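Structural description and commentary
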Amino acid sequence: MNDDVRNIVLGLIATGLSGGLGWFSRTYLWRRTLRRKQSFLGLPAGSDCLFVVNRQMGGKESSVHRNDAFALLEISALIKDCGANVQIVGHDEARQGFGDRAEFCVGGPTSNARTVAHLASMLPGVRVNLDSEQHADRGAIEVGEEKYRWAKGREEYVLLARIAAGESGRPVFLLSGQTAVSNQAAARYLARHHDGLARKYRTRSFCLVLKVVNSQAYGADVTELVADVTAAARTPAAAAA
C-alpha cells in the first residue's frame, strides 16, 4: 500500500470516527435533555396526564375561552415531546386526588373550581380578590405582603406553580391568571423555559408570579418574571400574619 492510498484510508477512518462520535454525542445530549424534561414535568414515556380546563367567564358552563384553548395547545406540545398521553376534563368533573399522574390546571379561582382546591390545600398563602364589583383590588393576587393588581390590557398577573406530590408522586402545574391571556402567557412561559426551570428547581415545588405587559398590543407574547414567591405561597396567611 503506497502513501496516497494509506492517507485516503486513514482519512476515511478518521471521518467515520468523527461522524460516529458526533452522532453519539448529539444522541446522548438529546436523551439527557428529554429525561430531564420528563422528570420535571412528571411525564415519562407512555404515561397519562390530566389537563383541567376552566370555563369561560360570562359564557356557557362548558365553554372555553379562545386563549385558554391556546394554552392547551402550548402544553400539548410538551406532552407530545415527552411521549405521554393527555386526558382533558372540565374543572367541575375532576373529582380525584393528585400525585398518581401529572396534572395541568389552567384558570384562576373565578373560573376553575379545581384551582380553588389547589390553592387552599397546597398554596395557602395565596389570596385572590373575587369581588364582582369594579374597584382597584378586583382580581388582585396577594401573596404574603405583596399585592399584584390587575390593570386590564396593561398589566395582568398569573401564578405559575409546580407543586410536587412527594418523592414518588407526579406534580401538579397550576396556571392561575387574572385573565385568559395571562393563562396562555403562563403556558407559553412554561413551554419556552421548562429547561431552565428544570435546571433550577429540578423536581422541587415552586410558585412564580409572571406579568403580561400590554396585552392589548402584544397579546401573550411579552411576559416578565416578577418574583419567586414559593415560601410565601406555601405559608398559611394566618401564620404569616
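The structure reproduced in this document is the subject of the present report. Numbering of residues starts from 1 in each chain and follows the order in which that chain's sequence is written. The model is predicted, so local features are restricted to residues of pLDDT at least 70 and side-chain atom pairs to those at 80 or more, both for listing and for counting; the totals for chains, interfaces and linings are taken over all residues. Side-chain descriptors were evaluated using all non-hydrogen atoms of the structure, hydrogens and water having been removed beforehand.

The next subject is the sheet that holds strand β1 (residues 48–53). At least two bridges found by DSSP between two strands are what make those strands a pair. Numbered from the N terminus, helices here are DSSP runs of H or I no shorter than four residues, and strands are runs of E no shorter than two. Taken in spatial order, the seven strands line up as β2-β1-β3-β8-β7-β9-β10 in an open sheet, and their pairing is mixed. Looking at the sheet topology across the chains shown, the edges are occupied by β2 (85–90) and β10 (223–228). The average undirected angle you get between the axes of adjacent strands in this sheet is 20 degrees. With six bridges connecting them, β1 and β2 associate as parallel partners. Inter-axis angles, ranging from 0 to 180 degrees, are taken between N-to-C directions of lines fitted to C-alpha atoms, where helices are fitted over the stretch in contact.

This paragraph deals with the packing of helix α2 (residues 66–81) against helix α4 (residues 180–201). Relative orientation and spacing of two packed helices are given, respectively, by the angle between their axes and the distance between those axes. At a closest axis distance of 8 Å, the pairing of α2 and α4 adopts a crossing angle of 15 degrees. With respect to α4, the axis of α2 lies roughly parallel. Regarding α2 and α4, the two cross each other, and that crossing is left-handed. Taking contact as the criterion, the partners of N67, D68, F70, A71, E74, I75 and L78 in α2 are, on α4, A180, V181, N183, Q184, A187, R188, L190, A191 and H194. The scheme is simple: roughly parallel for angles under 35 degrees, roughly antiparallel for over 145, roughly perpendicular for 65 to 115, oblique for anything else. Note: crossing handedness is left-handed where the near helix turns anticlockwise from the far helix by less than a right angle, and right-handed where it turns clockwise. Contacts were defined at the residue level, with two residues in contact if any of their heavy atoms lie within 4.5 Å.

Once that is clear, we can look at the sheet that holds strand β6 (residues 146–148). Pairing is antiparallel across the open sheet formed by three strands, whose spatial order is β4-β5-β6. This sheet does not close on itself; its edge strands, each paired only once, are β4 (126–128) and β6. Put simply, the sheet's adjacent strands are angled 20 degrees from each other on average, direction ignored. Alignment of β4 against strand β5 (residues 141–143), held across three bridges, turns out to be antiparallel. Along β5, the bridge assignment pairs V126 with V143.

As a further point, take the nonpolar core. The tendency in soluble globular proteins is for nonpolar side chains to be buried side by side. The definition of a nonpolar core used throughout is a set of buried Ala, Val, Leu, Ile, Met, Phe, Trp, Tyr and Cys residues joined through side-chain atoms within 4.5 Å. Type-normalised accessible area, obtained with a 1.4 Å probe on protein chains alone, sets the label of each residue: buried when under 20%, exposed when over 50%, and partly exposed for intermediate values. In this structure, L43 and F104 are the most contacted members of the largest nonpolar core, which totals 30 residues. Of all the secondary structure elements, the ones that give two or more residues to this core are α1 (3–41), β1, α2, β3 (102–106), β7 (155–163), β8 (172–177), α4 and β9 (206–213). In terms of residue count, the dominant contributor to this core is α4 (seven residues). Setting aside anything within four residues of it in sequence, one finds L43 in contact with Q38, C49, I79, C82, A84, A102 and F104. Residues V52, C105, I141 and Y157 belong to the second largest nonpolar core, which totals 21 residues.

The description of an aromatic ring pair rests on the distance of the ring centres and on the angle between the ring planes. Between 30 and 60 degrees the pair is tilted, below 30 it is stacked and above 60 it is edge-to-face, where a pair is any two Phe, Tyr or Trp rings, Trp via its six-membered ring, whose centres lie within 6.5 Å. Counted by the stated rule, this structure contains five aromatic pairs. Between F40 and F206 the ring centres are 6.2 Å apart and the planes differ by 5 degrees, which places this aromatic pair in the stacked class. Placement of the pair is F40 in helix α1 and F206 in strand β9, with a sequence separation of 166 residues. Residues F40 and F206 agree in their burial class; the two are buried. Connected via pairs of aromatic rings, a cluster forms that spans F40, F104, F173, Y201 and F206.

Before going further, it helps to spend a moment on the side chain of N54. Mapped onto the elements of the fold, N54 is located in the loop between β1 and α2. On the basis of relative accessible area, N54 is assigned to the buried category, the value being 5%. Polar contact is defined as a pair of N or O atoms within 3.5 Å, subject to the rule that within protein one atom must be able to donate a hydrogen and the other to accept it, and that residues adjacent in sequence are counted only when both atoms are side-chain atoms. A distance of 3.2 Å separates the side chain of N54 from the side chain of D68, its partner in a polar contact. Within polar-contact distance, the side chain of N54 engages the side chain of S111 at 2.9 Å.

A word on helix α3 (residues 113–122). The complete set of buried residues in α3 reads R114, T115, H118, L119 and M122. Seen along its axis, α3 keeps its buried residues to an arc of 135 degrees; they face one direction. Lining the buried residues of α3 we find β1, β3, β4, β7 and β8. Two or three places before R114, at the start of α3, stands the capping residue N112, its side-chain oxygen 2.9 Å from that residue's backbone nitrogen. The directions from the helix axis to the C-beta atoms form the arc being described.

Here we come to the pattern of salt bridges. Any carboxyl oxygen of Asp or Glu within 4 Å of a side-chain nitrogen of Lys or Arg constitutes a salt bridge here. According to the stated counting rule, one finds eleven salt bridges in the structure shown. Ionic pairing is found between R149 and D137, a salt bridge with its closest N-O pair at 2.5 Å. Of the two residues, R149 is situated in the loop between β6 and β7 and D137 in the loop between β4 and β5; the sequence distance between them amounts to twelve residues. Taking relative accessible area as the criterion, R149 reaches 41% and is therefore assigned partly exposed. Salt bridges sharing common partners tie together R36, D195 and R199.

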